[in-house]
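Remarks on the overall topology
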Amino acid sequence: GVRGAQRIAAIAREATAGDLVICLISGGGSALMPLPVPPITLAEKQATTNLLLACGATIHEINAVRKHISAIKGGQLAGLASPAHVISLILSDVIGDNLDVIGSGPTSPDASTFASARAVFEKYGIWNKVPKAVRDRLDRGSRGEIAETPKLLSNVENRIIGSNRLALDAAAAKAKELGFKTLILSSSIEGETREIAGMHAAIAREIRQSGRPLKPPACIVSGGETTVTLRGKGKGGRNQEFALAAAVGITGLKDVLIFSAGTDGTDGPTDAAGAQADGQTLERGPEALRRLANNDSYNFFQPLNDLVMTGPTGTNVMDVHLILVG
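About the thresholds
- Sequence order as written defines the numbering, with residues in each chain counted from 1.
- Given that the model is predicted, a residue must reach a pLDDT of at least 70 before its local features are reported, and side-chain atom pairs must reach 80 or more before they are shown or counted; all residues, however, enter totals for whole chains, interfaces and linings.
- As a convention, hydrogens and water are excluded, and side-chain values are obtained from all of the structure's heavy atoms.
- A run of H or I in DSSP counts as a helix once it spans at least four residues, and a run of E counts as a strand once it spans at least two, with each numbered from the N terminus.
- Each residue is placed in one exposure class: buried if its accessible area under a 1.4 Å probe, protein chains only, is under 20% of its type's maximum, exposed if it is over 50%, and partly exposed if it falls in between.
- The contact criterion used throughout is that any non-hydrogen atoms of two residues lie within 4.5 Å.
- Definitions used for this entry: grid spacing 1 Å over protein atoms alone; cavity, a set of points where a 1.4 Å probe fits but cannot get out; pocket, an open set with protein on both sides within 12 Å along at least 5 of 7 lines; lining residue, one with an atom within 4 Å of a point.
- Grid points are joined across faces, edges and corners, and a volume is the space filled by probe spheres set on the points.
- Just so you know the grouping, Ala, Val, Leu, Ile, Met, Phe, Trp, Tyr, Cys and Pro go in nonpolar, Asp, Glu, Lys and Arg go in charged, and all remaining residues, Gly too, go in polar.
- Here, any two strands with at least 2 DSSP bridges between them count as paired.
- To obtain each axis, a line is fitted to C-alpha atoms, and for helices this fit is confined to the stretch in contact; angles are then taken between N-to-C directions over 0 to 180 degrees.
- An angle below 35 degrees is treated as roughly parallel, one above 145 as roughly antiparallel, one from 65 to 115 as roughly perpendicular, and anything else as oblique.
- Take the far helix as your reference; a near helix turned counterclockwise from it by less than a right angle gives a left-handed crossing, and one turned clockwise gives a right-handed crossing.

Here we come to the environment of arginine 140. Relative to the elements of secondary structure, arginine 140 occurs in helix H7 (residues 132–142). Here arginine 140 falls in the partly exposed class, since its relative accessible area comes to 40%. Separated by 79 residues in sequence, arginine 140 and cysteine 219 have C-alpha atoms that sit 51 Å apart. Residues in contact with arginine 140, not counting those within four places in the same chain, are Glu145 and Ile146.

Structural data, given as structure tokens:
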């Protein structure tokens with residue numbers, strides 16, 4: 001990834017005023033295009049990212065940090081290509097389709113600052129755990145001793161060609177085709193996974209009990225990207241944890257199913273895209289609460305054959321959640 005990012009940066013530097021630079025940017029770009037600013041090493045950047053992932057930071061917060069310890073993110077790639085004209089075709093994997101957050105915005109003006117990046121660590125109480133080289137850079141940047149990421153770029157045209165909204169529209173169209181009364185709840189779902197799953201379970205109960213907001217057969221579609229605060233040492237991902245937490249909330253309900261999966265086909269450090277649960281899941285799977293407390297949703301769902309296994313899809317527009325009430 002570092003060697004690739006170095007080559008990308010070299011190509012951008014070679015561009016002149018008469019050139020057209022075309023960039024294809026998608027989810028995962030932040031991880032696949034690492035170019036830490038010396039003296040920060042790749043290992044130190046990895047350690048920093050792992051700290052942020054484990055504490056429950058949002059993708060906006062994680063990328064604010066990434067941009068300020070990188071030589072290519074946060075509009076800096078477009079800066080390297082200037083004065084050439086840059087067109088970026090973008091697949092969005094972030095809430096709200098913020099251009100400066102997708103792939104850490106290598107061709108977008110950056111709204112974040114060194115100070116806001118530093119504040120992320122303070123918010124989660126992990127500043128003292130951050131590698132010293134990273135702390136030193138953020139401190140110097142906050143004092144104005146290092147130039148900020150670009151806040152204005154006149155040579156760039158950014159176009160979003162794929163997003164979570166498009167994925168939800170496709171899911172809703174298929175649900176209608178199958179005969180479900182269908183509602184798209186939101187493409188901006190974020191927050192602690194267990195809490196969001198509990199809210200979806202509550203909607204399922206309401207449909208089952210009162211026929212609101214839709215009478216069965218009903219399909220509620222939502223999307224976005226939740227976060228998991230790691231408390232245990234089990235195996236899983238946010239979508240599998242979503243399904244397990246939802247299973248607790250829909251226990252005993254008839255003809256109700258909740259599905260959650262990542263559109264990239266990979267959920268956390270597992271080979272599953274997500275999982276599905278129904279009103280009888282807890283009866284079939286023992287020790288659900290213990291598994292949930294240990295963030296061990298993968299090993300809960302695997303023996304039930306309720307993992308969603310798609311393999312890598314080749315793209316990422318965040319997650320899709322479904323509530324089905326028959």
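On we go from here.
This part covers empty space enclosed by the protein. Counting across every chain of the model gives three cavities of 30 Å³ or more. In this structure, the largest cavity encloses a volume near 60 Å³. Lining the largest cavity are Thr58, Ile59, Ile95, Glu190, Gly191, Glu225 and Thr227. Here the residues of the lining of the largest cavity are counted per class, giving two nonpolar, three polar and two charged. Quantified by volume, the second largest cavity comes out at close to 40 Å³. Lining the second largest cavity we find Val94, Ile95, Gly96, Asp97, Ser163, Asn164, Arg165, Ser187 and Met318.

All right, on to the sheet that holds strand S7 (residues 274–278) then. As summarised here, the arrangement of the six strands in space is S4-S5-S9-S6-S7-S8, forming an open sheet in which the pairing is mixed. With partners counted over all chains shown, the strands left at the sheet margins are strand S4 (181–189) and strand S8 (307–308), one partner each. With six bridges joining them, S4 and strand S5 (residues 218–224) adopt parallel strand pairing. Among the inter-strand pairings, leucine 183 is bridged to a residue of S5, identified as isoleucine 220.

Turning next to the packing of helix H6 (residues 114–123) against H7. Here H6 crosses H7 at 135°, and the two axes come no closer than 8 Å. Considering the angle they form, H6 stands oblique to H7. In this structure, H6 meets H7 at a crossing whose hand is left-handed. Here Phe114, Ala115, Ala117, Arg118 and Phe121 of H6 come into contact with H7, specifically with Arg137, Leu138, Asp139, Gly141 and Ser142. A breakdown of the residues in the contact of H6 with H7 according to their chemical character gives five nonpolar, two polar and three charged.

The subject of this paragraph is the layout of surface pockets. Size it by volume and the largest pocket reaches roughly 1300 Å³. The wall of the largest pocket is formed by 47 residues, among which Leu53, Ile62, Arg66, Arg238 and Gly268 lie closest to the centre. The biggest single contributor to the lining of the largest pocket is helix H3 (residues 42–55), with seven residues. Residue composition of the lining of the largest pocket, grouped by class: 14 nonpolar, 23 polar and ten charged.

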